[in-house]
Amino acid sequence: MNIEELASRLLNQDKRALARAISLIEDGGVEARALMKRIYPNTGRAAVVGVTGAPGVGKSTLVDGLTAYYRQQGLRVGVLAVDPTSPFTGGAILGDRIRMQERGTDPDVFIRSLASRGQVGGLSRATGDSIRAMDAFGKDIILVETVGAGQGEVEVMRYAHTTLVVLMPGGGDEIQAIKAGILEIGDILVVNKADMEGADRLVRDLEMMLDLGPESPWRPPVMKTVASRGAGVAALAEKIEEHRQYLISSGGLDRKKLDQVSSQVEEIVASSLLAEVMSRARAAGTWQEVVDRLSEGTLDPYTAAEEVLSRHGLLSEEG
Amino acid sequence: MERTIRVLVGKPGLDGHDRGAKVVARAYRDAGMEVIYTGLHQTPEQIVQAAVQEDVDVVALSILSGAHNTLVPKVIEGLKREGLDDVLVLVGGIIPEEDVEFLKKAGVAGVFGPGTPTSEIIEFTRENVKRK
Amino acid sequence: MDRDEKRERREVFMTVSGAPIKRKYGPEDVADLDYQRDLGDPGCYPYTRGIHETMYRGRVWTMRQFAGFGTAEQSNERYKYLLEQGQTGLSVAFDMPTIMGYDSDHPRADGEVGKLGVAVDSLADMEILFDGIPLDKVTTSMTINAPAAILLAMYIAVAEKQGVSPRDIGGTIQNDILKEYIAQKSYIFPPRPSLRLITDIFAYCAEHVPRWNTISISGYHIREAGSTAVQELAFTLANGMAYVQAGIDAGLDVDSFAPRLSFFFNAHNDLFEEVAKFRAARRIWARVMRERFGAQNPRSWLLRFHTQTAGCSLTAQQPEVNIIRTTIQALAGVLGGTQSLHTNSMDEAWALPSADAVRIALRTQQVLAEESGVANTIDPLGGSYFVEALTDRMEREAQEYFDRIERLGGVVAAIEAGFQQREIADAAYRYQKRVESGEYTVVGVNKYLIEEELKIPLLRIDPDVQARQIERTRRVRRERDEVEVRRCLRDLEEGARGDANLMPLILAAVKAYATLGEIVDVFRTVFGEYRERAIF
């Protein structure tokens, strides 16, 4: 299938085309770039909500609950389940669909799982472009779920307009979240499994932490949910909408979108440069030479990089 | 760069014996493939929709309930209806010899019975994936 | 001796569970063992050697072959055959729709009706299933978990129709939902309401059905899912403790229900490891019940168990070899002091057993009981350096698991965190790799292969079974008193929302011929449905 045909099918809401488009995006080749150029004008309409938190706090169930809520409102929903934790082999097991299986057969719900494929920044780029593909397809709202385990989801979450950080009582994962800097990215803090012991205490602790934090025109609200029973989900969705309205009225939404797109340009430039420099270095034999000297122990990595850049890159001109 | 093979591992039907499905999922992962694990108690339609949305190359079904002759053709019909003719469909589980023929006629590429080494399943998958 | 003579066949010798085994065991390995404290005579605390003073010299174990398929009529015929062949107890297998709480005409049941067991939709099916079988004369084990209360209610109703008082019926329901979340995955409702159904059964039976074993706390399925022997032991006993705690939390006196708890273990290939597992199980349970839960009645301290040989050890290749595997496994159960035993049939890797294959499996038990002499004395391996050392190690390693589960917040919290599931999946994958590398031999699979055609006669389920079953259930729905059924289901829903004991309400509903699916739907509405996390 050529790119033009794929793009027009995607814009005509052909699910298979969207699925295939996301695969191309994941593979990250020239075709993906051509596709993105073609569909970019059709993006920018969807609301993007990020959902992150430690394993086991009930993110998938919450996403499932929000999806059900938005469907009742007649909105078309896209879900991206992003797993930044996959190991070295390149392989991954993605199991987030399990909690959403009933929703998966709704023709207006599209769920896709993304794994990291080893390249630095690859998952982040794939996530950003997959969100655009879903947006261009006509999704009204896109939920991006990612497991909170460190830097990975912070990268991913910058594509979200509104980020939910999900916690649960017990287990002290709130401490983990603070350490990992996850709490800071939350526009809304969600205490899920709020029927468990310690929920109120966790809410109080979070409120106290927010009191100590810097003054901000949007103070992240702390919401309680029991996602497995759907409790609190409607109120949460209303809060998400409130945050969106705040972003729009404060100009924050446009700022966010501009930040995203300009940092993406930066990324594209960086990765294109990297690819170009590396392919020249390989072709000219510089790469092999550097590797050989590294293995002999006669070269340090810093000097090695400088040599590659000075022969094939930009360092020669700049300094 | 070689494209990453995406495999849906799912259990249609009501039986919950997921030992085999989980072992196979891990083996696929360790072989560098991406596994979409859809879990237990799936209806054929849930599997078909997951296969569409996840754009998988392979649908690997594990069935130990004896309902394979009912469930597998429903999955295959659904895949065809959605235009996924190029997806490799594999079945693992307790499948009597005479049913193997039936399933292959229905469009199953490979049937793997008890005692099959995972290396054999992976090799078969690599060799027979239709979209390269 | 030179080096070569000291060299052994392999660097490490391991059990099938991957536990290392030393070249020899001696007095130093049992130096801490105190006979009275750690073993005790048979029938004496802590019951390591057995729960009865006479054991098989008094009465051999109950030979209980699990069976059920197709329609109630077909299963009824098989039960009568087995009783004629000398079997001493019935064991009912239900089909997947029944186990998952769907009537035969539910779309999700399509293709599964009568396949892995018998389909029971309503009391009408249960009446046929036990037709001509006097329920005061046989004991019946029913392998049913999430909807256990409903099937028990149907059994009670059938007994009453035969004129047999519930006080005089005996048997077991599996009713062990925790291991479903951990291993077998035939759950319907979330853990907490499921535990409530279980404690309702404890309370009801203590009062009305005193000879009924209200739960069969099962390691069998945990092992089948790929666990090690220690995991089977530890997770099962941890579940047992969770049930006892749930009963106590529900306000029951521990001695009112603990004597009716029973266990169900797997017997796998490694003879000594299995025997040690059974012995350790009895000792741990006795100590926990007396010391932790303060049970006063010695019957509460006894770990009574059923054993089934390991289905997962059976091979589709060279199936006759399965008879030998089963024999060794059955021997482990007997040497371990089991109260009842199911021996698998050689064709069970492929399908439900044929009548001939079941007969051989039953004969295996009869040879053990009556020809081999192993039933002549109690705990013949007791005092073996090796077996005692293994028994100790099992107990120690199980304790480590109990501690880890406790740190996670108890059994239910650990399940929700996926702890046990992950431990088992890891063990299953390790085992698979050992088999594929040839490190562990499976005769006929990775060694000693032959060219063969699989020619075992297989029991096939008549495809008309589903249609006939659906027809019967629809007829039941047409002919019953619909007003009465609706009233019963409304009462049931109200009871489920409150905290009434649900057993009498379920009993009333089944007597009105409300179907299993209708009753389960009431609970689905009130309790919700459980969905697992992906655990790898």
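Residues numbered from 1 in each chain as written. Chains lettered and ligands numbered in written order. Predicted model: local features only at pLDDT ≥ 70, side-chain atom pairs only at ≥ 80, totals over all residues. Heavy atoms only, no water.

### Topic: the overall build of chain C
1) Next: The helix and strand inventory of chain C stands at 22 helices and 12 strands.
2) Next: In terms of C-alpha radius of gyration, chain C reaches 23 Å, essentially the compact-globule figure of 24 Å for 536 residues.
3) Next: Each of the three principal axes of chain C carries a C-alpha extent, and together these read 90 × 55 × 50 Å.
4) Next: Counting the 536 residues in chain C, one finds 61% classified as buried.
5) Next: Here the analysis covers contacts within chain C between residues at least 6 apart in sequence; of these, 78% occur between residues at least 24 apart.
6) Next: Summed over all atoms, the accessible surface of chain C reaches about 20700 Å², with 50% contributed by carbon and sulfur.
7) Next: Charge separation in chain C, taken as the distance between the mean sites of 65 positive and 77 negative side-chain charges, equals 2 Å. (Helix = DSSP H or I, 4+ residues; strand = E, 2+ residues; numbered from the N terminus. Rg over C-alpha atoms; globule rule 2.2 N^0.38 Å. Buried < 20%, exposed > 50% of the residue type's maximum accessible area, 1.4 Å probe, protein only. Contact = heavy atoms within 4.5 Å. Areas by Shrake-Rupley, 256 points an atom, 1.4 Å probe, with all protein chains shown as cover. Lys, Arg positive; Asp, Glu negative; His and termini not counted. Charge placed at Lys NZ, Arg CZ, Asp CG, Glu CD.)

### Structural notes on the sheet that holds strand 10 (residues 261–267) of chain C
Whenever strands of a sheet pair, they do so through backbone hydrogen bonds, lying parallel or antiparallel.
Residues and elements named next belong to chain C.
1) Next: Strand order across the open sheet formed by five strands is 3-12-11-10-9, with parallel pairing between neighbours. Two strands lie at the open edges of the sheet, namely strand 3 (62–63) and strand 9 (215–218), each paired on one side alone.
2) Next: With three bridges connecting them, strand 11 (residues 305–309) and strand 12 (residues 340–342) associate as parallel partners. Each bridged residue has a counterpart across the sheet, and for H306 the counterpart in strand 12 is S340.
3) Next: The strands that helix 10 (residues 229–249) touches are strand 9 and strand 10; relative to strand 10, the one it contacts most, it runs at about 170°.
4) Next: Of the strands in this sheet, strand 10 and strand 11 are in contact with helix 12 (residues 271–292), which crosses strand 10 at around 160°. (Pairing = 2+ DSSP bridges. Axes fitted to C-alpha atoms, helices over the stretch in contact; angles between N-to-C directions.)

### Quick look at the interface of chain A and chain C
1) Next: At the interface, eight residues of chain A touch five residues of chain C.
2) Next: Roughly 750 Å² is buried in total at the junction of chain A and chain C, and carbon and sulfur atoms are behind 54% of that figure.
3) Next: The three residues of chain A that bury the most area against chain C are I93, I98 and R99 of chain A, which together make up 55% of that side's buried surface.
4) Next: Across the pair E102 of chain A and R531 of chain C runs a salt bridge, and its minimum N-O distance is 3.1 Å. (Buried area = accessible area lost by both parts, 1.4 Å probe. Salt bridge = Lys/Arg side-chain N within 4 Å of Asp/Glu carboxyl O.)

### Topic: the domain arrangement of chain C
Residue and element names in this part refer to chain C.
1) Next: One can read the domain layout of chain C as domain 1 (14–56 + 174–372 + 379–437) and domain 2 (64–138 + 150–163 + 458–536).
2) Next: Its C-alpha centre places domain 1 at a distance of 27 Å from the equivalent point of domain 2.
3) Next: On the side of domain 2, 45 residues touch domain 1, which itself brings 42 residues to the contact.
4) Next: Between domain 1 and domain 2, a total of about 3600 Å² is buried, with carbon and sulfur atoms accounting for 63% of that surface.
5) Next: The largest share of the area that domain 1 buries against domain 2 comes from I188, R196 and L352, three residues that together contribute 19% of it.
6) Next: Applying the counting criterion to the domain 1 and domain 2 interface returns one salt bridge.
7) Next: The salt bridge partner of E532 is K185, with a shortest N-O separation of 3.4 Å.
8) Next: Sorting the residues of the side of domain 1 that touches domain 2 by element identifies helix 8 (191–208), strand 12, helix 15 (355–370), helix 17 (411–416) and helix 18 (419–437) as the ones contributing at least two each.
9) Next: No other element matches the nine residues that helix 8 contributes to the side of domain 1 that touches domain 2.
10) Next: Split into classes, the residues belonging to the side of domain 1 that touches domain 2 amount to 25 nonpolar, 10 polar and seven charged. (Domains from an automatic or database assignment. Nonpolar A, V, L, I, M, F, W, Y, C, P; charged D, E, K, R; others polar.)

### A word on the sheet that holds strand 6 (residues 162–167) of chain A
All names here are of chain A.
1) Next: Read across the open sheet, the seven strands follow the order 4-2-5-1-6-7-8; overall the sheet is parallel. Single-partner strands in this sheet number two, and they are strand 4 (109–115) and strand 8 (222–224). In this sheet, neighbouring strand axes are inclined to one another by 20° on average, regardless of whether the strands run parallel or antiparallel.
2) Next: The sheet contact formed by strand 1 (residues 47–53) and strand 5 (residues 141–147) spans seven bridges and is parallel. Its bridge partner being in strand 5, V51 is matched across the sheet by E145.
3) Next: Where helix 5 (residues 122–137) meets the sheet, it contacts strand 1, strand 2 (77–83), strand 4 and strand 5, and its direction lies at approximately 170° from that of strand 2.

### Quick notes on the pairing of strand 7 (residues 170–173) of chain C
Residue and element names in this part refer to chain C.
1) Next: Here strand 7 shows two buried faces, one formed by G170 and T172 and the other by G171 and I173.
2) Next: With four bridges connecting them, strand 6 (residues 139–143) and strand 7 associate as parallel partners. Bridging from a neighbouring strand, T140 pairs with G171 of strand 7.
3) Next: Pairing between strand 7 and strand 8 (residues 212–213): two bridges, direction parallel. Note on strand 8: the bridge partner recorded for T172 is N213.

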